[in-house]
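Here is how the chains run, residue by residue.
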Amino acid sequence: MRRDMTISEYIKQLHWRYATKQFDASKKLSSEQQQFLKDVLQLSPSSTGIQPWKFVIVSDPALRQQLREKAWGQSQITDASHLVVFCRRTDVNEALIDKVIVSTAEARHITPEILKGYRDMMMGVISSKTPEQLEEWSSDQVYIALGMVLSACAAVEIDACPMEGFDRAGFDQILDLGSENCTSYAVCAVGFRSSEDKNAQAPKARLPQSEIILEK
């Protein structure tokens with residue numbers, strides 16, 4: 001996205017984007033665009049900065065075909081340039097917190113000991129939750145990253161389609177996510193729209209702001 005993109009230009013891009021149903025399988029993300037996608041995923045915010053997620057970017061055609069069978073045959077799975085599987089970590093624990101602390105300390109050129117208060121706060125967040133609450137909380141964080149990807153892709157005119165219609169257990173098995181201490185939660189197909197996708201020209205339909213935005 002250009003540094004000088006105006007507010008009106010950005011809103012125009014949000015009107016441009018839609019949940020792409022038909023991708024042009026011949027068009028692929030460039031190396032720069034692929035790195036852009038990775039950067040957006042990495043820079044996505046999370047509650048208290050714990051980052052309870054992993055992202056699997058799938059480009060292998062054979063894997064994609066297997067995944068399509070676990071997504072009720074939806075063509076976006078195989079036809080998009082890349083497929084991002086948004087995963088909830090199943091190991092949100094003290095070891096993960098320590099990784100975050102070390103990473104933060106390195107980025108800020110300080111010692112981990114200085115971040116003791118921050119570490120205690122993060123430990124308090126996860127230790128105060130039951131396993132069920134921690135699972136729900138972690139899952140909610142995944143949608144923050146998904147929203148970031150959709151917005152960022154729109155800004156640079158990369159098409160995307162968020163998807164929940166898939167067999168999570170099937171995806172987990174095919175991608176061997178158990179060995180990575182994570183489980184699939186949402187999917188986003190990323191690439192470029194097909195000229196045959198009639199939805200691309202459909203006007204954006206949303207409830208009026210007066211219906212959904214309250215000002216007090």
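See the structure shown above.
Here, residues in each chain are numbered from 1, in the same order as that chain's written sequence. Where local features are concerned, this predicted model is filtered to residues with pLDDT of at least 70; where side-chain atom pairs are given and counted, the filter is 80 or more; whole-chain, interface and lining totals use all residues. Hydrogens and waters are ignored; side-chain quantities use all the structure's heavy atoms.

A. Geometry of the overall build of the protein. Working definition: helices are DSSP H or I runs of at least four residues, strands are E runs of at least two. Numbering for both runs from the N terminus. When helices and strands are tallied, the protein shows 9 helices and 4 strands. Summarising its shape, the C-alpha atoms of the protein cover approximately 55 × 45 × 35 Å along the three principal directions. Intrachain contacts of the protein at a sequence separation of at least 6 include 79% that bridge at least 24 residues. Using the Shrake-Rupley algorithm and a 1.4 Å probe, accessible areas are obtained, with residue cover drawn only from the displayed protein chains. Total accessible area on the protein is roughly 12600 Å²; 52% of this is exposed by carbon and sulfur atoms. Throughout, a residue-residue contact means that at least one pair of heavy atoms, one from each residue, lies within 4.5 Å.

B. Quick peek at the nonpolar core. Residue types Ala, Val, Leu, Ile, Met, Phe, Trp, Tyr and Cys, when buried and joined through side-chain atoms within 4.5 Å, form a set referred to as a nonpolar core. Throughout, exposure labels follow a simple rule: accessible area from a 1.4 Å probe, protein chains only, divided by the maximum for the residue type, with under 20% read as buried, over 50% as exposed, and the rest as partly exposed. Within the largest apolar cluster, 21 residues are counted, with the highest numbers of intra-cluster contacts made by Phe-86, Val-149, Cys-188 and Val-190. Taken together, the elements giving at least two residues each to this core come down to helix H2 (31–43), strand E2 (82–89), helix H7 (131–155) and strand E4 (182–191). With 7 residues, H7 is the largest single contributor of residues to this core. Residues Phe-23, Val-85, Leu-175 and Cys-182 belong to the second largest nonpolar core, which totals 18 residues.

C. The arrangement of the pattern of salt bridges in detail. For this document, the term salt bridge refers to a Lys or Arg side-chain nitrogen within 4 Å of an Asp or Glu carboxyl oxygen. One pass over the full model with this rule turns up 7 salt bridges. Salt-bridge contacts for Lys-54 lead to Glu-180; the nearest nitrogen and oxygen are separated by 3.8 Å. With Lys-54 in strand E1 (residues 53–58) and Glu-180 in the loop between helix H8 (168–174) and E4, this residue pair connects regions lying 126 residues apart in the sequence. Judged by relative accessible area, Lys-54 falls into the partly exposed class, the value being 25%. Under the relative-accessibility criterion, Glu-180 is labelled partly exposed at 39%.

D. Broad picture of the sheet that holds strand E3 (residues 159–163). Whether two strands pair comes down to DSSP finding at least two bridges between them. Strand order in the open sheet made by the 4 strands is E1-E2-E4-E3, with antiparallel pairing throughout. The two strands at the open ends of the sheet, each matched to only one other strand, are E1 and E3. Direction aside, neighbouring strands of the sheet carry axes that sit 25 degrees apart on average. When E2 meets E4, the two strands line up antiparallel, connected through 8 bridges. By the bridge assignment, Val-84 is partnered in E4 with Cys-188. Each of E1, E2, E3 and E4 touches H7; the most contacted strand, E2, lies at about 155 degrees to it. Where helices are involved, their axes are fitted lines through C-alpha atoms of the stretch in contact, as for all axes, and angles between N-to-C directions lie from 0 to 180°.

E. Seen up close, the packing of helix H1 (residues 7–16) against H7. As a packed pair, H1 and H7 sit with axes 8 Å apart at the nearest point and diverge in direction by 110 degrees. One finds that H1 runs roughly perpendicular with respect to H7. Along its contact with H1, which presents Tyr-10, Gln-13, Leu-14 and Trp-16, the element H7 presents Ser-151, Cys-153, Ala-154 and Ala-155. In terms of residue class, the contact of H1 with H7 is built from 6 nonpolar, 2 polar and no charged. When an angle is under 35 degrees it counts as roughly parallel; over 145 it counts as roughly antiparallel; between 65 and 115 it counts as roughly perpendicular; any other value is oblique. In this classification, the charged set is Asp, Glu, Lys and Arg, the nonpolar set is Ala, Val, Leu, Ile, Met, Phe, Trp, Tyr, Cys and Pro, and all remaining amino acids, among them Gly, are polar.

F. Structural detail: the packing of H2 against H7. Between H2 and H7, the least distance of the axes is 9 Å, while the angle of their chain directions is 140 degrees. As far as their axial angle goes, H7 and H2 are oblique. Seen from above, H2 lies across H7 with right-handed handedness. Only Met-148, Val-149, Ala-152 and Cys-153 of H7 make contact with H2, whose side of the interface consists of Phe-36, Leu-37, Val-40, Leu-41 and Leu-43. Here the residues of the contact of H2 with H7 are counted per class, giving 9 nonpolar, no polar and no charged. Should the near helix be turned counterclockwise from the far one by less than a right angle, the crossing is left-handed, whereas a clockwise turn marks it as right-handed.

G. Seen up close, the side chain of Arg-88. The residue Arg-88 is located in strand E2 in this model. We classify Arg-88 as buried; its relative accessible area is 12%. Any pair of N or O atoms that falls within 3.5 Å is considered a polar contact. Within protein, one atom must be able to donate a hydrogen and the other to accept it, and sequence-neighbouring residues count only if both atoms are side-chain atoms. Engagement of the side chain of Arg-88 in a polar contact is seen with the side chain of Ser-139, the distance being 3.5 Å. Here Arg-88 is in contact with Pro-52, Glu-135, Ser-138, Ser-139, Val-142, Asn-181, Cys-182 and Thr-183, once residues within four sequence places are set aside.

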